[in-house]
Amino acid sequence: MAMTKTEPGFLWGAATAPHQVEGNNVNSDWWARELRIPGGELSGDACDSYHRYAEDMRLLAKAGLNAYRFGLEWARIEPSPGRFSNAELAHYRRMIDTAIDFGLTPIVTLHHFTNPRWFVEEGGWTGVTAVARFEAYVRKAATILDGVDWICTLNEPNMLALMVGLSRAARRGEPTAVTPTVEGQDGFPVLPDPDPEIGRLLIGVHHAAREILKKETSAAVGWTVACQALTATPGNEDRLLEVRHVREDLYLEAARGDDFIGVQAYSSQQVDANGVVPHPPSPTNTLTGNAYRPDALGIAVRHAAKVTGVPVLVTENGIAIADDSRRVDYTSKALRGLFAAMDDGVDVRGYLHWSALDNFEWGHWKPTFGLIAVDRETFARTPKPSLFWLGHVARHGHP
Ligand code: BGC
């Protein structure tokens, strides 16, 4: 297949999220939540990227990448309601400056699953103060975003709506599971649908944040959606439309007035008359139990572009796998699908691999997504061959 050569300015990078790499995010709701995950592990010091971010960025830049997606941690910036920390704002400003100094375009996420503990105690996303609280945080965050060209408001609002729904169920005493992670050969459990009522609330939050950011910054503003590359089994095309709408399209449609859509794709699942078909156990499953489906990226990108009508930025794509050569294999196939979509006219502005580091996978350390391994005792970073491979792709504009 012919390969697209990307334009100069195409973003080639990797992504992380604050709670998964920083360490000691003690004021966030997830810090306490981790203790309740059955069989789960704790984030603890994580990768200590709170202190070692410059080293992370240096490794990415040295390999040849030109972009880095990272997040601001609301729980640090606003440690108690209405009290903002200038020191933490300065910390994140230093991260932005460091990225720019290394020649990495910063893509900044304002919310990646974690909330300040006090926000959840106050009622969380379904509480009466939610929108005003998030707006106040966004306004503060905007003061340090000068020179940032890309801002993601909420990460995976469809997954967030699912998690908020599960927390609500837990409060009612119903059994819950948080982002279930299973060992390799097991099938991937079918996640429940996100609650559309919470989804609509988050859409309002995103639009409010967008308005502030468009006024206060010069960045392109969007949000990032978990795109599941759902396909229909024969005869179930209408069912696919219903299932996809509640899981994904509601959130993609909300991006129609945005500057871009962040596409996050890992695997693909089928939909039959009963809904999403459970993915069966297989020796080729990834360490999160997903099917090995590098073609998911192409499917997801085409669908997101069609629904939103705005440019695409791939904000996450990757694989939890121990064997790094399979990461290269997966990613080269995923990029082939991405380039085929671009050849067919889809406007794609960049590709950000998940993840820069082997990080805390929401309750588990075993699923390794990183281009860089991290020693959990010493925090020493060891770039994997996949980092050099992706850097080579970035430098040449094609695999
Ligand atoms: C999330 C990440 C997560 C990744 C791999 C995405 O849903 O944004 O935080 O680590 O997928 O599971």
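Remember, predicted model here, so these are calculated numbers, not experimental data. (Residues numbered from 1 in each chain as written. Predicted model: local features only at pLDDT ≥ 70, side-chain atom pairs only at ≥ 80, totals over all residues. Heavy atoms only, no water.)

**Side note on the nonpolar core**
Short version of the rule: Throughout this description, the term nonpolar core refers to a set of buried Ala, Val, Leu, Ile, Met, Phe, Trp, Tyr and Cys residues connected via side-chain atoms within 4.5 Å. Buried means the residue's accessible area, taken with a 1.4 Å probe over protein chains only, is under 20% of the maximum for its type, while exposed means over 50%, and partly exposed covers the values in between. Whether two residues are in contact is decided by their heavy atoms: any pair within 4.5 Å suffices.
By size, the foremost hydrophobic cluster in this structure holds 96 residues, and its most contacted members are Trp12, Leu110, Trp125, Ile261 and Val301. Ignoring anything within four residues of it in the chain, the contact list for Leu110 reads Leu72, Tyr137, Val138, Ala141, Leu145, Ile151, Cys152, Thr153 and Leu213. Core analysis: the second largest hydrophobic core is formed by 10 residues, Trp30, Phe113, Met159 and Leu166 among them.

**Examining the pairing of strand β3 (residues 105-111)**
Test applied: Under the scheme used here, helices are H or I runs from DSSP no shorter than 4 residues and strands are E runs no shorter than 2 residues, and both carry numbers assigned from the N terminus. Two strands form a pair only when DSSP identifies at least two bridges running between them.
With respect to burial, β3 is a largely interior element, six of its seven residues being buried. The sheet contact formed by strand β2 (residues 67-71) and β3 spans five bridges and is parallel. Note that in β3 the partner of Tyr68 across the bridge is Pro106. Relative to strand β4 (residues 150-155), β3 runs parallel, the two sharing four bridges. Its bridge partner being in β4, Ile107 is matched across the sheet by Trp150.

**Some points on the sheet that holds strand β9 (residues 275-276)**
Test applied: In this analysis an axis means a line fitted to C-alpha atoms, helices contributing only their contacting stretch, and an angle means the value between N-to-C directions, from 0 to 180 degrees.
Strand order in this open sheet of three strands is β6-β8-β9, and the pairing throughout is mixed. The open sheet has two free edges, formed respectively by β6 (230-232) and β9, since each of these has just one partner strand. One ladder, built from two bridges, connects strand β8 (residues 269-272) with β9; its direction is antiparallel. Note on β9: the bridge partner recorded for Asp272 is Gly275. Across the sheet, helix α10 (residues 237-253) touches β6, β8 and β9, and the angle it forms with β6 is around 160 degrees.

**Observations regarding the sheet that holds strand β7 (residues 260-265)**
Taken together, eight strands build a closed barrel; the order of strands is β1-β2-β3-β4-β5-β7-β10-β11 and the barrel is parallel. On average, each strand axis in the sheet is tilted by 25 degrees relative to the strand beside it, whichever way the strands run. When β7 meets strand β10 (residues 312-317), the two strands line up parallel, connected through five bridges. Within the sheet, the bridge partner assigned to Ala265 lies in β10 and is Asn317.

**Considering the site of the ligand**
Going by this rule: When at least one non-hydrogen atom of a residue lies within 4 Å of a molecule or strand, that residue is treated as near it. Polar contacts, as counted here, are pairs of nitrogen or oxygen atoms within 3.5 Å of one another; within protein the pair requires one atom able to donate a hydrogen and one able to accept it, and residues that are adjacent in sequence qualify only if both atoms are side-chain atoms. Residue-level accessible areas treat just the shown protein chains as cover; the underlying method is Shrake-Rupley with a 1.4 Å probe. Residue polarity follows a fixed list, in which Ala, Val, Leu, Ile, Met, Phe, Trp, Tyr, Cys and Pro are nonpolar, Asp, Glu, Lys and Arg are charged, and the others, Gly among them, are polar.
Inspection of the region around the ligand gives Gln20, His112, Phe113, Asn155, Glu156, Gln264, Tyr266, Glu316, Trp354, Glu361, Trp362 and Phe369 as its neighbouring residues. Within the side chain of Gln20, a nitrogen or oxygen atom sits 2.7 Å from an oxygen atom of the ligand. A distance of 2.8 Å separates an oxygen atom of the ligand from a polar atom in the side chain of His112. Burial of the ligand by the protein chains amounts to 88% of its free accessible area of 310 Å². Across the shell around the ligand, the residue classes break down as five nonpolar, four polar and three charged.

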